[in-house]
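Residue strings, one per chain:
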Amino acid sequence: MNNLTEGKISTTLLKFAIPFLFASLLQALYGAADLLVVGKFADSSGVSAVAIGSQVMQTITGIILGISMGGTVLIGKKAGGKDEEGTAKAIGSLTILFILFAVILTPLMMAATNGAIALMQTPAEAISYTRYYILICAAGIPFIIGYNAVGGIFRGLGDSRTPVYFVLIACIINIFVDILLVGTFHMGAKGAAIATVSSQAVSFLSALIYMIKKGFSFPIQRRHFRLDGPSVRQILIVGFPLAMQDALVNVSFLVISAIINTMGLVASAAVGVVEKIIIFLMLPPTAFGSAVSAMTAQNIGAGKADRAKKILRYGIIYSLIFGVAATLYCQIMPETLTGLFSNDVEVVHVAGLYLMSYSIDCIMVSFVFCMNGYFSGQGKSLISLVHSMIATFGFRIPLTILFSHMQGVSLRQLGFASPLATLVSIMICTGYFAWENHKEKRKTK
């Protein structure tokens, strides 16, 4: 177990966040490999199918990540407080909880495939390809859940490096199988989905075997692997709001994509391309936000609240460095990025326009993601859910609908809806943070 409650904050945070960032980069890379390979070896229908299908699956992944973060925070607090029995119970409860999620979510997603396709207003040319992609990926949900459970355990114990190796395995396998099935055997979206599931399976099984063989620095026995009431409640108190936040935000992305899909196949493919690029551009703030959450949990568990606030400040600074650089690049040469995912000149151009405005959000989320991590590490993830819902359903979706009905509107105008909505989140988070500090000062007096 790595102790995150001591040492120089700037260095400790950076060392802990870099493996997070690398793991996220590899995860996004093997996710984007499907779209990249299909874009090179198939037509726009295949690109649209993979883009839509991966957005649908991201909703499920968001739920899993939210619960996983609840486990990470609980394990981090118990580990920071040197509570070995509590740490063992947290690990056991998270394991059983995720087994139940796998049993429920896998058949549920398979049954909901046709409904998701209809909800997304999928272009007629891409419907059959999208169905294959979602069904095959849904069969791999147990592996997605399994990997995130193992990763959440490692990170809660202060180890952000080990999960990187297993994501690297998944990335290599996915790219290899993608090229084989899509490039050589021309299986299109179906081949891309098979590549994704097979890579996730190998990654999870490798991580599980490693964790079992390595063991832990504290005793953990079979009796710990049950649903311990207090542990489950604490996991869900943090994880459920985060899961709901990710799920509803992803649903909003689906709604927005459905609105844009009515603008035609080119617009649909362009949005899919940009969503993949944005995932990469937002990796640094996402990684630092997750690192802030894990470090805050350990420091709160150790009774070091002031250190946790300093961790938040450093997280925002590091995130902004990447966010500003990404935004500037997208204003100057957007088509050098969109051209990586499509050979269609029109798709590349339209996607470039959308990326220019959407990329401003990389600066905005540098604040929000780190604040979310700080609140989650404290066990106050409900505030993250509240501001996300207000920003998303009160601003982002309405603004997208409003802009889409304007005469002669392009995707460039639609792209401004996201950073404007995130600005609302920043205002709410800042207000809550100021109120929290004021309340603490009054208690001190």
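Residues numbered from 1 in each chain as written. Predicted model: local features only at pLDDT ≥ 70, side-chain atom pairs only at ≥ 80, totals over all residues. Heavy atoms only, no water.

Trainee: Would you take a moment to explain the overall build of the protein for this structure?
Mentor: When helices and strands are tallied, the protein shows 18 helices and zero strands. For 445 residues, the compact-globule formula gives about 22 Å, and the C-alpha radius of gyration of the protein, at 21 Å, lands near that figure. Oriented by its inertia axes, the alpha-carbon framework of the protein measures out at about 60 × 50 × 35 Å. Each of the 445 residues in the protein was classed as buried or not, and the buried ones make up 58%. Excluding contacts between residues fewer than 6 apart, the proportion of contacts in the protein whose partners are at least 24 apart in sequence is 85%. Accessible area of the protein: about 18100 Å², with a carbon and sulfur share of 69%. (Helix = DSSP H or I, 4+ residues; strand = E, 2+ residues; numbered from the N terminus. Rg over C-alpha atoms; globule rule 2.2 N^0.38 Å. Buried < 20%, exposed > 50% of the residue type's maximum accessible area, 1.4 Å probe, protein only. Contact = heavy atoms within 4.5 Å. Areas by Shrake-Rupley, 256 points an atom, 1.4 Å probe, with all protein chains shown as cover.)

Trainee: Can you walk me through the pattern of salt bridges in this structure?
Mentor: What the rule picks out here adds up to three salt bridges. A salt bridge links Asp-83 to Lys-78; the nearest nitrogen and oxygen atoms lie 3.9 Å apart. Using a relative accessible area of 23% as the deciding quantity, one classes Lys-78 as partly exposed. A salt bridge links Lys-380 to Glu-436, with the shortest nitrogen-to-oxygen separation between them at 2.7 Å. In this pair, Lys-380 sits in the loop between helix H15 (361-378) and helix H16 (382-404) while Glu-436 sits in helix H18 (residues 417-444), placing the two residues 56 residues apart along the sequence. (Salt bridge = Lys/Arg side-chain N within 4 Å of Asp/Glu carboxyl O.)

Trainee: Help me out: how do you make sense of the packing of helix H2 (residues 44-80) against helix H9 (residues 229-261) in this one?
Mentor: Think of two packed helices as two axes; the pair is described by the angle between the axes and how far apart they sit. Two elements in contact, H2 and H9, have axes separated by 7 Å at closest approach and are oriented at 160°. Taken together, H2 and H9 sit at an angle that is classed as roughly antiparallel. The hand of the H2/H9 crossing is right-handed. Tallied by class, the residues present in the contact of H2 with H9 amount to 18 nonpolar, 13 polar and two charged. (Axes fitted to C-alpha atoms, helices over the stretch in contact; angles between N-to-C directions. Parallel < 35°, antiparallel > 145°, perpendicular 65-115°, else oblique. Left-handed = near helix turned anticlockwise from the far one by under 90°. Nonpolar A, V, L, I, M, F, W, Y, C, P; charged D, E, K, R; others polar.)

Trainee: Looking at this model, I keep getting lost on the packing of helix H6 (residues 141-156) against helix H7 (residues 162-184). Mind explaining?
Mentor: At a closest axis distance of 9 Å, the pairing of H6 and H7 adopts a crossing angle of 155°. As far as their axial angle goes, H7 and H6 are roughly antiparallel. Along the contact surface, H6 presents Tyr-147, Gly-151, Phe-154 and Arg-155, while H7 presents Thr-162, Pro-163, Phe-166 and Val-167. By residue class, the composition of the contact of H6 with H7 is five nonpolar, two polar and one charged.

Trainee: Teacher, can you tell me more about a nonpolar patch on the surface here?
Mentor: Together, Ile-99, Leu-100, Val-103, Ile-104, Leu-108 and Leu-227 give the surface a local cluster of nonpolar side chains, amounting to about 570 Å² of exposed area. The residue Leu-100 is located in helix H3 (residues 84-111) in this model. On the basis of relative accessible area, Leu-100 is assigned to the partly exposed category, the value being 41%. (Patch = residues over 30% accessible without salt bridge, like charges linked within 9 Å, V, L, I, M, F, W, Y side chains within 5 Å.)

Trainee: So what exactly am I meant to see when it comes to the packing of aromatic side chains here?
Mentor: Centre-to-centre distance and the angle between the planes together describe a pair of aromatic rings. Scanning all chains against the criterion turns up 11 aromatic pairs. Note on Phe-288 and Phe-322: the rings are 6.3 Å apart at their centroids and 35° apart in plane angle, and the pair reads as tilted. Of this pair, Phe-288 sits in helix H11 (residues 283-301) while Phe-322 is found in helix H12 (residues 305-332), placing the two residues 34 residues apart along the sequence. Three or more aromatic residues joined by ring pairs form one cluster here, namely Tyr-374, Phe-375, Tyr-432, Phe-433 and Trp-435. (Phe/Tyr/Trp six-rings, centres within 6.5 Å; stacked < 30°, edge-to-face > 60°.)

Trainee: Got a minute to help me understand the nonpolar core in this structure?
Mentor: Within soluble globular proteins, side chains that are nonpolar generally end up buried alongside one another. Counting residues in each nonpolar core, the largest one holds 94 residues, and the members touching the most others are Met-109, Ile-141, Ile-260, Leu-281, Tyr-354, Leu-355 and Leu-411. For this core, the element with the most residues is H2, which contributes 14 residues. Residues within four places of Met-109 in sequence aside, it is in contact with Val-56, Met-57, Ile-60, Ile-134, Ala-138 and Ile-141. Core analysis: the second largest hydrophobic core is formed by 24 residues, Ile-9, Ala-291, Ile-311 and Cys-370 among them. (Core = buried A, V, L, I, M, F, W, Y, C linked by side-chain atoms within 4.5 Å.)

Trainee: Looking at this model, I keep getting lost on the side chain of Ser-54. Mind explaining?
Mentor: If you trace the backbone, Ser-54 turns up in helix H2. Given the relative accessible area of 14%, Ser-54 is considered buried. A polar side-chain atom of Ser-54 sits 2.8 Å from the main-chain carbonyl oxygen of Val-50. Contact partners of Ser-54, with chain neighbours within four places excluded, come to Tyr-133 and Lys-276. (Polar contact = N/O pair within 3.5 Å; in protein donor to acceptor, adjacent residues only side chain to side chain.)

Trainee: Please explain the environment of Thr-113 as it appears in this structure.
Mentor: Its location among the elements puts Thr-113 in helix H4 (residues 113-119). Under the relative-accessibility criterion, Thr-113 is labelled buried at 1%. In this structure, the C-alpha to C-alpha distance between Thr-113 and Cys-362, residues 249 residues apart in sequence, is 31 Å. Those residues in contact with Thr-113 that lie beyond four places of it in its chain are Arg-131, Ile-134 and Leu-135.

Trainee: What's the story with H6 in this structure? I'm lost.
Mentor: Given 3.6 residues per helical turn, the α-helix brings residues three or four places apart onto the same face. In this model, H6 (16 residues) spans 22 Å end to end at C-alpha, consistent with the 22 Å of a helix rising 1.5 Å per residue. The element H6 is largely enclosed, with a buried count of 14 among its 16 residues. (Expected span 1.5 Å × (residues − 1).)

Trainee: Teacher, can you tell me more about H11 here?
Mentor: Helix length check: H11, at 19 residues, gives a terminal C-alpha distance of 27 Å against a target of 27 Å (1.5 Å per residue), a fit within 8%. Taking burial as the measure, the 19 residues of H11 include 16 buried ones, the bulk of the element. Looking one or two residues beyond H11, the residue adopting positive phi is Gly-303, at roughly 75°.

Trainee: Looking at this structure, how should I read the environment of Phe-433?
Mentor: Mapped onto the fold, Phe-433 is located in helix H18. On the basis of relative accessible area, Phe-433 is assigned to the buried category, the value being 18%. The residues contacting Phe-433, other than those within four sequence positions of it, are Leu-312, Tyr-374 and Phe-375.

Trainee: Can you walk me through the state of the cysteines in this structure?
Mentor: The term disulfide refers to a covalent linkage connecting the sulfur atoms of a pair of cysteines. Scanning the model with the defined rule gives zero disulfides in all. Unpaired in terms of disulfides, Cys-362 finds its nearest cysteine sulfur in Cys-330, a separation of 6.3 Å. Free cysteine: Cys-370, not disulfide-bonded; nearest cysteine sulfur from Cys-429 at 11 Å. On the basis of relative accessibility, which here comes to 0%, the residue Cys-370 falls in the buried class. (Disulfide = S-S within 2.5 Å.)

Purely spatial values, then, with no claim about function.
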